[in-house]
Each structure stands twice: as structure tokens, then as C-alpha cells.
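A look at the structure
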Amino acid sequence: MDRQELLRQAAQTYLTPCYQNAASLALAAFTEQQEEILGGLSRRVSGLVETVRQQQERGEKKALRYLVVSSLFSSTVTRSYEYEFALYDSELYLDPTESCFYWAPEFLFRQVEQDMACFAEQAGRELVRIRAFELEEVRRMYVNGFHPAAGLLLQQVLPNILEQNGLFSLSLEQEFSVHFGIYMEELVEIAAARGGKFE
């Protein structure tokens, strides 16, 4: 078994229970702070809608086709754990007018640093000279495990937040959809609207 496989196996053995604990703590934190968390997200969406309204009034932004919520590789490296929320026309990433904001759901990633520090200590006992790049690879895998929970949460709350903050007052294509995934990689549709209403 090569070193990468040993490291992956050690990470899975050690971090699986950590993830289960972190997910429970995140759910409890969300339940406790739901109004504050969703209120903050709603304010950010409202600001984005207003920015796009102004862009469309100036003729800089075509009718919208997509809202893409992406986890960013760079935010794992910087440990900010942010998602980019970007409104695009039908050209998606080729849309020439940037319209986005960044949101860090701190409640979801609160345990990551503590879990990784414990893993580094544990793995250091089992594997000789753990290198920083090896730990970063494990961190990326561990953080990626939280993205489905974020996607499910956003699938439940985003349509309502978007409607309440005036999405349908903007110029939209007949079909509009919300997608979630890793930036510039495969995306999953989490909501769709036709004729000014989410289905």
C-alpha cells in the first residue's frame, strides 16, 4: 500500500466520526442561530439583486438564466470556507458582467480546524513525517464532505429567499435555475423557476 493510500485510509478512519460529530454540532448551531444565519444570507441576496437591477438598467447585464452557488478551492486553502453566489446570463461563466457575493457559513465549518489538528497529531504517530501538502489534501477531502449538507440547506431556503428579495423583478430568461457545486466543475440543479415562479 502506497503512502497516499495509507494517508487516505487513516483520514477515513479518524475523520469519519469527527465528521458525524461536526455535522451534529452544525445542525444544532443552525437550529439555534437560524434567524441570524438566514437573515444575513437574505441581506446578501438583496444586495446582489439590487446590483444586478442597476446593471440591467445600464444595459450591462442581459436576462438572467442561472444562479450558481460554488464552493471555492481557494477558500479551503485560505480556510475562509466561502461559497460564491453568482448570477449569470445564458453564457454562464462567459457572462462578461460580474455579479456575485461570497458567503461563509461559519456554523457549518466550525469544527474543521480542530478536527484537522487532531488528525495531524494522530496521523503523525502512525506515518513518518507528514508533509504540509499531504495534510492540505486531507483537509480538501474533509471539507468537500460538508458541501452536500450546504447544498441541501440551500435547496430548502434559497427559493424563498430569492423570491422575497425581488429576483423575479429582474429581467430573467423564461427558464431560470439555481445550481450548486464546486467552482468550474460539475454542477447540480437545486431549484428551477419558469414564468416567474419556483417549481
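Above this text you will find the structure in question.
Attention in this report is confined to the structure presented alongside it. (Residues numbered from 1 in each chain as written. Predicted model: local features only at pLDDT ≥ 70, side-chain atom pairs only at ≥ 80, totals over all residues. Heavy atoms only, no water.)

This next bit is on the overall build of the chain. When its secondary structure is counted, the chain shows six helices and six strands. Ordered by position from N to C terminus, the α and β elements of the chain give α-β-α-β-β-α-α-α-α-β-β-β. Overall, the chain is about 60 × 35 × 25 Å in size when its C-alpha atoms are taken along their principal axes. Within the span of the chain, comprising 199 residues, buried residues form 44% of the whole. Taking as baseline every contact in the chain between residues at least 6 positions apart, the subset at least 24 positions apart corresponds to 67%. If you sum the accessible surface of the chain, you get close to 10900 Å²; carbon and sulfur atoms cover 50% of it. Across the chain, the mean location of the 18 positive side-chain charges is 3 Å away from that of the 29 negative side-chain charges. (Helix = DSSP H or I, 4+ residues; strand = E, 2+ residues; numbered from the N terminus. Buried < 20%, exposed > 50% of the residue type's maximum accessible area, 1.4 Å probe, protein only. Contact = heavy atoms within 4.5 Å. Areas by Shrake-Rupley, 256 points an atom, 1.4 Å probe, with all protein chains shown as cover. Lys, Arg positive; Asp, Glu negative; His and termini not counted. Charge placed at Lys NZ, Arg CZ, Asp CG, Glu CD.)

Backbone geometry at R79 places phi at a positive 65°, although glycine is not the residue there. Within the secondary structure layout, R79 lies in the loop between α2 (73-78) and β2 (83-88). Owing to a relative accessible area of 39%, R79 belongs among the partly exposed residues under this scheme. We note that Y81 has phi near 50°; this positive angle belongs to a residue other than glycine.

Once that is clear, we can look at the packing of helix α4 (residues 112-126) against helix α5 (residues 132-144). Running from N to C, α4 and α5 point in directions that differ by 135°, and their axes come no closer than 11 Å. It follows from the interaxial angle that α4 and α5 lie oblique. Seen along the crossing, α4 lies across α5 with a hand that is right-handed. On α5, the residues touching V112, E113, D115, M116, F119 and A120 of α4 are L135, V138, R139, Y142 and V143. Tallied by class, the residues present in the contact of α4 with α5 amount to eight nonpolar, no polar and three charged. (Axes fitted to C-alpha atoms, helices over the stretch in contact; angles between N-to-C directions. Parallel < 35°, antiparallel > 145°, perpendicular 65-115°, else oblique. Left-handed = near helix turned anticlockwise from the far one by under 90°. Nonpolar A, V, L, I, M, F, W, Y, C, P; charged D, E, K, R; others polar.)

Attention shifts here to the pattern of salt bridges. Scanning the entire structure with this criterion turns up 15 salt bridges. Taking the shortest distance from any N to any O, the salt bridge between E106 and R110 comes out at 2.8 Å. Overall, the relative accessible area of 39% leaves R110 in the partly exposed class. Overlapping salt bridges, with partners in common, bring together R65, E175, R194 and E199 in one network. (Salt bridge = Lys/Arg side-chain N within 4 Å of Asp/Glu carboxyl O.)

Here the focus is the pairing of strand β1 (residues 64-71). Of all eight residues that make up β1, eight are buried, and the element is covered over most of its length. Here β1 runs beside strand β4 (residues 172-182); their pairing, made up of seven bridges, is parallel. Its bridge partner being in β4, S70 is matched across the sheet by G181. Of the strand pairs in this sheet, β1 and β2 are connected by six bridges, and their pairing is antiparallel. (Pairing = 2+ DSSP bridges.)

Attention now goes to the packing of aromatic side chains. Counted under the stated rule, the structure contains 13 aromatic pairs. Here Y83 and F180 contribute two aromatic rings whose centre-to-centre distance is 5.7 Å and whose plane-to-plane angle is 35°, an arrangement assigned as tilted. A residue pair is termed long-range when its members are at least 10 positions apart, and Y83 in strand β2 and F180 in strand β4 qualify at 97 residues. Residue Y83 is classed as buried on the basis of its relative accessible area, which comes to 1%. (Phe/Tyr/Trp six-rings, centres within 6.5 Å; stacked < 30°, edge-to-face > 60°.)

Pairing is mixed in the open sheet, where six strands are placed in the order β3-β2-β1-β4-β5-β6. Two strands bound the open sheet, and with one partner strand each, they are β3 (100-103) and β6 (197-198). Here helix α6 (residues 147-164) sits on the sheet in contact with β1, β2, β3, β4, β5 (187-194) and β6, set at roughly 155° to β4.

This brings us to the side chain of D115. In this structure, D115 sits in helix α4. Buried charged residue D115 carries no salt bridge. Nearest counter-charge: R139, at 9.5 Å. Filtering out sequence-adjacent residues up to four positions away, D115 remains in contact with Y14, L15, C18, A22 and Y142.

Okay, α6 next. With 18 residues, α6 should cover 26 Å at 1.5 Å per step; its first-to-last C-alpha distance of 25 Å lies within 8% of that length. Most pronounced at V157, the bend in α6 amounts to some 40°, and the proline P159 follows within four residues. Taken together, the buried positions of α6 are occupied by H147, A150, G151, L153, L154, V157, L158, P159, I161 and L162. (Expected span 1.5 Å × (residues − 1). Bend = angle between axes of the 7 residues up to and from the residue.)

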